[in-house]
Amino acid sequence: MDTSADTGAGHRPSGAVDLPVTVGVDGSEPSLTALDWAADEAALRGTALRIVHACWWEPHADTAEEGTAVVAAAERRARRRQPGVRVGVGLALETPEYALVRESRSALALVLGCRGRGAVAETLLGSVSAMVACRTHCPVIVVRGAHVRGPHVRGPQGEPPAPGRVVVGVAEPPEGSTAAVRFAVEAALLRGVPLEAVRSWHRPRHAPAAHPLLAGTPAHAQEQQAAETLEAALRDAPENLWIRRRAVEGPARDTLLAAARDAALLVVGTGSAGAHGGDDHLGRVTHGVLHHARCPVAVVPEPG
């Protein structure tokens, strides 16, 4: 089932613009790609950028000096990319997961690269990522692949803005807009791009295939319920946002990965902030898209 609403774009976010966009760096190429993404996001949102390097202190090693060099180089890169953005830096001599979770308490969003070495390493496909995404107090964005500058954000070289769209996975049951949906709506408005909301559904076991004479069967009811879930989740979305609602039969992970193949951002939710559930709490769908998505993935915790 496909339904669309065609409207314009253009929006400035309201809320905690005093909080920075925070990025974890370790000097690797993936973390520098995440740094570029975070600098552009801070410029887009009109807020500050905070650069953090976390590494466990080791005796007889120049850990602090190496960390200072990493953040200094990252700061220079960020200032060159977005001269108008205020930049702050931090160095934590502790394990990356604990440092990053703590940083998430005072961040608008936390940005991490997909792979790395040393400090913020382990990749967001390993234990660091799972712990941070499960326990974060703000949205965590995992930047995968080469970064493409978003709409309305031009760098010193004057790169043209890039098209794209934001895809959000809609969970059940949204009695109101979920945190993930609200984050996706704001991200789409900021970028001036469409929002694609996706809800997967499953045909009941032993249900017959679709047929014109079989309206009202359990399969039809499941599809209708998915469509109603989408409407409920998006009922508070602003009218000046182009939204495509998609109720798709199939596994949620595969459905989202297919929908986000050429997206600018994929947004998924997780449970309440600060919970302690490990990978199980993160959820198989969220964990799966973090592993396999080709675009940046935002994991948004539900409040409470």
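Residues numbered from 1 in each chain as written. Predicted model: local features only at pLDDT ≥ 70, side-chain atom pairs only at ≥ 80, totals over all residues. Heavy atoms only, no water.

**Student:** How do you make sense of the overall build of the chain when you look at a structure like this?
**Tutor:** A tally of helices and strands in the chain yields nine helices and eleven strands. Sorting the 304 residues of the chain into buried and exposed places 52% on the buried side. When contacts within the chain are restricted to residue pairs at least 6 apart in sequence, those whose partners lie at least 24 apart make up 79%. When the accessible area of the chain is evaluated, it comes to approximately 14000 Å², of which 52% is carbon and sulfur surface. (Helix = DSSP H or I, 4+ residues; strand = E, 2+ residues; numbered from the N terminus. Buried < 20%, exposed > 50% of the residue type's maximum accessible area, 1.4 Å probe, protein only. Contact = heavy atoms within 4.5 Å. Areas by Shrake-Rupley, 256 points an atom, 1.4 Å probe, with all protein chains shown as cover.)

**Student:** Would you explain the packing of helix α1 (residues 29-45) against helix α5 (residues 179-191) in this entry?
**Tutor:** With their axes 10 Å apart at the nearest point, α1 and α5 run at an angle of 80 degrees to one another. The angle between the axes of α1 and α5 places the two elements in the roughly perpendicular class. Contact with α1, carried on its side by Trp-37, Glu-41, Leu-44 and Arg-45, involves Phe-183, Glu-186, Leu-190 and Arg-191 of α5 and no other residues of that element. A breakdown of the residues in the contact of α1 with α5 according to their chemical character gives four nonpolar, no polar and four charged. (Axes fitted to C-alpha atoms, helices over the stretch in contact; angles between N-to-C directions. Parallel < 35°, antiparallel > 145°, perpendicular 65-115°, else oblique. Nonpolar A, V, L, I, M, F, W, Y, C, P; charged D, E, K, R; others polar.)

**Student:** Would you explain the pattern of salt bridges in this entry?
**Tutor:** By the definition in use, this model includes 15 salt bridges. The salt bridge involving Asp-262 is made with Arg-165; its shortest N-O contact spans 2.4 Å. Of this pair, Asp-262 sits in the loop between α7 (252-259) and β10 (265-272) while Arg-165 sits in the loop between β6 (140-143) and β7 (166-169), and the two are 97 residues apart along the sequence. Here the salt bridges do not stand alone but share partners, grouping Arg-165, Glu-196, Arg-244, Arg-246 and Asp-262 into one network. (Salt bridge = Lys/Arg side-chain N within 4 Å of Asp/Glu carboxyl O.)

**Student:** I'm lost on the packing of α1 against helix α2 (residues 63-81) in this one. Help?
**Tutor:** Geometry of a packed helix pair, given as the angle between the helix axes and the separation of the axes. Contact pair α1 / α2: the axes reach a minimum separation of 10 Å and the direction vectors enclose 45 degrees. When the axis of α1 is compared with that of α2, the two are oblique. Read as a crossing pair, α1 and α2 show a hand that is right-handed. Seen from α1, the contacting residues are Leu-32, Leu-35, Asp-36, Ala-39 and Asp-40; seen from α2, they are Ala-74, Arg-77, Ala-78 and Arg-81. (Left-handed = near helix turned anticlockwise from the far one by under 90°.)

**Student:** I'm lost on the nonpolar core in this one. Help?
**Tutor:** General note: in soluble globular proteins, nonpolar side chains tend to be found buried as a group. Ranked by internal contacts, the top residues of the largest apolar core, which has 50 residues, are Leu-49 and Val-267. Looking at this core element by element, the count peaks at nine residues for α5. When residues no more than four places from it in sequence are discounted, the contact partners of Leu-49 are Val-21, Val-23, Leu-35, Ala-38, Ala-39, Ala-42, Ala-78, Val-85, Arg-86, Val-87 and Gly-88. Within the second largest apolar cluster, 26 residues are counted, among which are Ala-107, Val-167, Ala-260 and Val-297. (Core = buried A, V, L, I, M, F, W, Y, C linked by side-chain atoms within 4.5 Å.)

**Student:** So what exactly am I meant to see when it comes to the pairing of β6 here?
**Tutor:** Looking along a regular strand, one sees the side chains alternate between the two faces of the sheet. Where burial is concerned, the two faces of β6 agree: the one with Val-140 and Val-142 and the one with Ile-141 and Val-143 are both buried. As paired strands, β6 and strand β11 (residues 297-302) are joined by three bridges and run antiparallel to one another. Residue pairing for β11: Val-140 is matched across the bridge by Val-299. (Pairing = 2+ DSSP bridges.)

**Student:** Whenever I open this one, the environment of Ala-107 confuses me. Can you help?
**Tutor:** Examined against the element boundaries, Ala-107 turns out to sit in the loop between α3 (96-104) and β5 (109-113). Linking Ala-107 and Val-21, residues 86 residues apart in sequence, is a C-alpha distance of 5.9 Å. Setting aside residues no more than four positions away along its own chain, Ala-107 makes contact with Leu-19, Pro-20, Thr-22 and Cys-138.

**Student:** I would appreciate a short explanation of the environment of Val-166 in the present structure.
**Tutor:** Along the chain, Val-166 falls in strand β7. Val-166 gets classed as buried once you look at its relative accessible area, which sits at 0%. Separated by 25 residues in the primary sequence, Val-166 and Arg-191 have C-alpha atoms spaced 8.9 Å apart. Excluding its chain neighbours within four sequence positions, the residues that come into contact with Val-166 are Ala-184, Ala-187, Ala-188, Arg-191, Val-193, Pro-194, Leu-195, Glu-196, Leu-265 and Val-267.

**Student:** What is the right way to read the confidence of the model for the chain from this model?
**Tutor:** Here the chain shows a mean pLDDT of 79. Residues at 70 or above account for 71%. Counting contacts from residues 1-15, a segment whose pLDDT is below 50, to residues more than four positions away or on other chains yields 41 contacts. Contacts from residues 272-280, a stretch scored under 50 in pLDDT, to residues over four places away or in other chains number 22 contacts. (pLDDT = per-residue confidence, 0-100.)

**Student:** What is the right way to read the environment of Glu-41 from this model?
**Tutor:** If you trace the backbone, Glu-41 turns up in helix α1. Judged by its relative accessible area of 5%, Glu-41 falls in the buried class. For the pair formed by Glu-41 and Ala-109, sequence separation is 68 residues and the distance between their alpha carbons is 9.4 Å. When neighbours within four sequence positions are excluded, Glu-41 is seen to be in contact with Val-21 and Arg-191. Side-chain polar atoms of Glu-41 contact the side chain of Arg-191, separated by 2.4 Å. (Polar contact = N/O pair within 3.5 Å; in protein donor to acceptor, adjacent residues only side chain to side chain.)

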